[in-house]
Amino acid sequence: MLFDVGRPDAAGRTLSNQASSTTLRRLCAHCAASAAVQMRWIGDHLHAEATLVVDATLGLVVYHSMVSEDTRQSSTAEPARQRFVVCGDGAVARRLVTELADRYGVAVTVVLPSASDHHLPDLADLASEFSVAEGQPEIIMARRLTGEVLDQAGVRDAAAVAFVGLDDVTNVDAAMITRDLAPDARLVVRLFNPVLGEGVATMLGDCAVLSGSEIAAPAFVAATLGDATPTYVRLRDGELLRSVMRSAVDPAGADVVCGLADTTGTEPVVLPVDQDSADLVLVRAYGQPRSDPPRRRPRLLRALGLVFSRNLRLALVGTAAILAAASVLLAYTRGVNLAEAAYLTLLTAMGAAEVESAAPLTEKVTAVVLVATGVALLPTVTALVVDSLVRARLAVAAGGMIEPIDNHVVLVGLGNIGTRVLEELHSVGISVVAVDRTESARGIGVARELGLPVIVGDATRPETLRAASVHTCRALVALTDDDVTNLETALSGRSSHEADRARSAATRPPLRVVLRLFDDGFAERTQRILGINESRSVSSLAAPAFAAAMMGQQVIDTISVGRRVLLVAEFPVGAGSELEGRYCHDVNQPGAVRVIAVRTGRTGQTIWSLPERRPLVRTDRLIVLATRAGLAALLPRTIPSPDAEPLADVAPLRLLAPAPRDGE
């Protein structure tokens, strides 16, 4: 491992070769012992031909790829590539860096919050994935995103900067600091809170605010409800599209925009050449996409089952039986009617018995038994009633299961993505039982506000899933951020469901299982070998949208087709670009890009029936469906030319021409 001791730090100081060992000793003494181990780990696992810059003032560790002198000399004459900066850790940041480098071929600087064990394997993977030294990302590790750190990362000269950490406040704060340093840089901020996101986008100017969970949630909902369930895409002007199986479309009344994919084979063929072969199509939808959620009975009525618990019911039945027998006996011995005998029995049981020495022996014994029964049973019944009322009140307040439920969805994991999926399922009228390990999870409060049952417990334990009625549910969705937990939950839930199906006489469909998994290869093998219905990755669904936003493209939504993702994007036709003057069919690329609409600039009209003989002009905006590779290939064709001629004024169109004069 080599340290670039000749490079000045942010404060202008240079670590000389003579003082390098002294400086390193001071750094090791200042840092924790674990930091030294982590630095040695980096040296062992990253490429040997590299330099590692340690900044003691800012707490930075900067990884630079080593380039030979020949490469440096040859590259000085070439124009420098645009650099993009990604700040944040986690799966979305990891995939975003790969997306920018692989799909768009741009230089990337990554700012990680720390050199913890959680981040170091990803750090090594990022450096080893790129075979060309010039394409390797520069990695900076800093505890906080201060102005000095961002300046060291090069945000002043960056084309775009993305903040994709998990904390909304940290992302917003870093975005504001970057805006002060680089007023013209394009900012992409990851936020969960939509209200905060709208304000940040307005305040920071050229800023795109995206939510990874919001982008990925529709794909998980579609996987949960099945392939035949339509998913909706809302465009910027409120136009509504939906992806649906062609067999569910009315040929007479449906407005089919294009074919999305042919899913009849083992792997779906997206954007096929033959549009008629696509069984998954995109159609224009009219009306409201979602139905109102079903009305739930008032909680007081639903809680009656909890109040009358089994123990309370047994005590009440036993007391009633004793009082009834005593009433019949008193009616016989005293010769009174049954109503009067019941009245006397109740008074005696409550301690109001009258002493009659001349009464028959049978009546005396009955009175004694009633008094003893009242003394023993009445406090017991009172305690059981109080206990049942308290339990019912706590169960209602906690939002737990208070009534039998079936044909519902058990949702495990109430983080960002789990909360979004919970809201989506509830909005389409699906009953949901939410499960999370911690009481402080983001979605716990949302579920209780919606009146949905909440189970706080470890979902890998069978008793937790039984409490959520997994044996009667229609689908189990595991959305925690741990792959092992999700897989263990899925297998345990499926086992309980299958065991109940075998015991039950009623015919139930097999349990549908949807998992959140990070690694695509592991997800594919899990789905194929273990028989899991669907597996999705939030980062693989969200990263293409973040990358496209950094490149200046507006990604409206994503459509999940199996394990592939189609992007719905809108972008302008650049002045003097390759697309200006061409036709819509020239933009289409089978399997990669398809134009679905053109939004005209002058009138703001959206044209869905694409004209075959109308050339594209610079005031047009294209709405396209594209794969990630297709969108990356389309980007250079939309870049405006600096030598583009100014737009000529167009004479107004005359609807009625004046009548010709005589002699003309």
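The sections below set out a description of the structure shown in this document. Keep in mind that what you see is a predicted model, and the values were worked out from it rather than measured.

## A word on the overall build of the chain
Counting secondary structure elements, the chain contains 22 helices and 24 strands. The buried share among the 664 residues of the chain stands at 45%. Taking the intrachain contacts of the chain between residues at least 6 apart in sequence as the baseline, contacts between residues at least 24 apart amount to 66%. Carbon together with sulfur atoms contributes 55% to the accessible area of the chain, which is approximately 34100 Å² in total.

## A closer look at helix H15 (residues 416-427)
Helical periodicity: at 3.6 residues per turn, an α-helix aligns residues three or four positions apart in one direction. For H15, with twelve residues, the first-to-last C-alpha span of 17 Å sits near the 16 Å given by 1.5 Å per residue. Buried residues of H15: Ile417, Gly418, Thr419, Arg420, Val421, Leu422, Leu425 and His426, and no others. After H15 finishes, the residue Gly429 shows a positive phi value of roughly 85°.

## Examining the sheet that holds strand E11 (residues 256-262)
Sheet architecture is open: five strands sit in the order E9-E10-E13-E11-E12, paired in antiparallel fashion. Each end of this open sheet is capped by a strand with a single partner; those strands are strand E9 (231-234) and strand E12 (269-270). Relative to strand E13 (residues 280-285), strand E10 (residues 240-245) is paired through six bridges, and the arrangement is antiparallel. Within E13, the residue paired with Arg242 across the bridge is Val283.

## Here we look at unusual backbone geometry
Backbone geometry at Asn407 places phi at a positive 55°, although glycine is not the residue there. With respect to the element layout, Asn407 can be found in the loop between helix H14 (361-398) and strand E14 (409-412). In the Ramachandran plot, Ser469 falls in the positive-phi region, its phi being about 60° despite a non-glycine side chain. By secondary structure assignment, the location of Ser469 is in the loop between helix H17 (462-467) and strand E17 (475-478).

## Some thoughts on the sheet that holds strand E23 (residues 606-607)
With antiparallel pairing, the five strands of this open sheet are ordered in space as E20-E21-E24-E22-E23. Every interior strand has two partners, whereas the edge strands, strand E20 (554-561) and E23, have only one. Sheet analysis places E20 next to strand E21 (residues 564-572), joined by seven bridges and oriented antiparallel. Paired with Val555 across the strands is Ala569, a residue of E21. Along the sheet, helix H20 (residues 538-550) contacts E20 and E21; its crossing angle with E20, the most-contacted strand, is approximately 155°.

## Details of a nonpolar patch on the surface
On the surface, Leu361, Val365 and Val369 cluster together into a nonpolar patch covering about 290 Å² of accessible area. Among the secondary structure elements, Val365 is positioned in helix H14.

## Focus: the layout of surface pockets
Put simply, the second largest pocket is a space of about 1100 Å³. Forming the walls of the second largest pocket are 46 residues, and the residues nearest its centre are Leu166, Thr480, Asp481, Asp482 and Arg516. Mapped onto the lining of the second largest pocket, the elements with two or more residues apiece are helix H4 (91-103), helix H9 (212-225), H15, strand E15 (432-436), helix H18 (483-503) and H20. Residue composition of the lining of the second largest pocket, grouped by class: 15 nonpolar, 18 polar and 13 charged.

## Observations concerning the pairing of E10
Burial runs high along E10: five of the six residues are buried. Of the strand pairs in this sheet, E9 and E10 are connected by four bridges, and their pairing is antiparallel. Considered in E10, the bridge of Val233 is made with Leu241.

## A few points about the packing of H4 against H20
Between H4 and H20, the shortest axis-to-axis distance is 8 Å and the interhelical angle comes to 55°. Classified by the angle between their axes, H4 and H20 sit oblique to one another. Remark: the crossing between H4 and H20 carries right-handed chirality. Here Ala91, Val92, Arg95, Leu96, Glu99 and Leu100 of H4 lie close against H20, whose contacting residues are Ser539, Ser540, Ala543, Pro544, Phe546, Ala547 and Met550. Its residues assigned to classes, the contact of H4 with H20 shows nine nonpolar, two polar and two charged.

## Details of H18
With 21 residues, H18 ought to run about 30 Å at 1.5 Å a step, and its terminal C-alpha atoms sit 31 Å apart, in line with that. Among the residues making up H18, those that are buried are Thr485, Asn486, Leu487, Thr489, Ala490, Ser492, Gly493, Ser496, His497 and Asp500. Contacts made by the buried residues of H18 are with E14, H17, E17, strand E18 (512-516) and helix H19 (520-529).

## Things to note about the packing of H9 against H20
For the pair H9 and H20, the least separation of the axes is 8 Å and the interaxial angle reads 125°. On the basis of the axis angle, H9 is oblique to H20. For the element pair H9 and H20, the recorded crossing hand is right-handed. Note on element contacts: H20 touches H9 through Val538, Leu541, Ala542, Ala545 and Phe546, opposite Gly212, Ile215, Ala216, Ala219 and Phe220.

## Thoughts on the nonpolar core
Nonpolar side chains in soluble globular proteins tend to be buried together. In terms of nonpolar packing, the biggest core is built from 79 residues, with Leu100, Tyr104 and Leu622 touching the most fellow members. Here this core takes nine residues from H20, the largest share from any one element. Leaving out residues up to four positions away in the same chain, Leu622 has contacts with Ala569, Glu570, Phe571, Val573, Leu579, Val587, Val595, Ala597, Val598 and Leu616.

## A look at the pairing of E17
The alternating pattern of E17 places Ala475 and Val477 on one face and Leu476 and Ala478 on the opposite face, and all of these are buried. Sheet topology note: the E14/E17 ladder contains four bridges and is parallel. Bridge pairing in E17 places Val412 opposite Ala478. In this sheet, E18 lies alongside E17 in parallel orientation, the contact comprising four bridges. By the bridge assignment, Ala475 is partnered in E18 with Arg512.

## Side note on the packing of aromatic side chains
Summed over the entire model, instances satisfying the criterion amount to zero aromatic pairs. The ring of Phe192 has Arg420 sitting right over it, with the charged end atom 4.3 Å from the ring centre. Geometry around Phe192 places Arg442 over its ring, the cationic atom sitting 4.1 Å from the centre.

The rules we used
- Residues numbered from 1 in each chain as written.
- Predicted model: local features only at pLDDT ≥ 70, side-chain atom pairs only at ≥ 80, totals over all residues.
- Heavy atoms only, no water.
- Helix = DSSP H or I, 4+ residues; strand = E, 2+ residues; numbered from the N terminus.
- Buried < 20%, exposed > 50% of the residue type's maximum accessible area, 1.4 Å probe, protein only.
- Contact = heavy atoms within 4.5 Å.
- Areas by Shrake-Rupley, 256 points an atom, 1.4 Å probe, with all protein chains shown as cover.
- Expected span 1.5 Å × (residues − 1).
- Pairing = 2+ DSSP bridges.
- Axes fitted to C-alpha atoms, helices over the stretch in contact; angles between N-to-C directions.
- Patch = residues over 30% accessible without salt bridge, like charges linked within 9 Å, V, L, I, M, F, W, Y side chains within 5 Å.
- Salt bridge = Lys/Arg side-chain N within 4 Å of Asp/Glu carboxyl O.
- 1 Å grid on protein atoms, 1.4 Å probe; cavity = no way out; pocket = protein on both sides within 12 Å on 5 of 7 lines; lining within 4 Å.
- Points joined across faces, edges and corners; volume = space filled by probe spheres on them.
- Nonpolar A, V, L, I, M, F, W, Y, C, P; charged D, E, K, R; others polar.
- Parallel < 35°, antiparallel > 145°, perpendicular 65-115°, else oblique.
- Left-handed = near helix turned anticlockwise from the far one by under 90°.
- Core = buried A, V, L, I, M, F, W, Y, C linked by side-chain atoms within 4.5 Å.
- Phe/Tyr/Trp six-rings, centres within 6.5 Å; stacked < 30°, edge-to-face > 60°.
- Lys NZ or Arg CZ within 6 Å of the ring centre and 35° of its normal.

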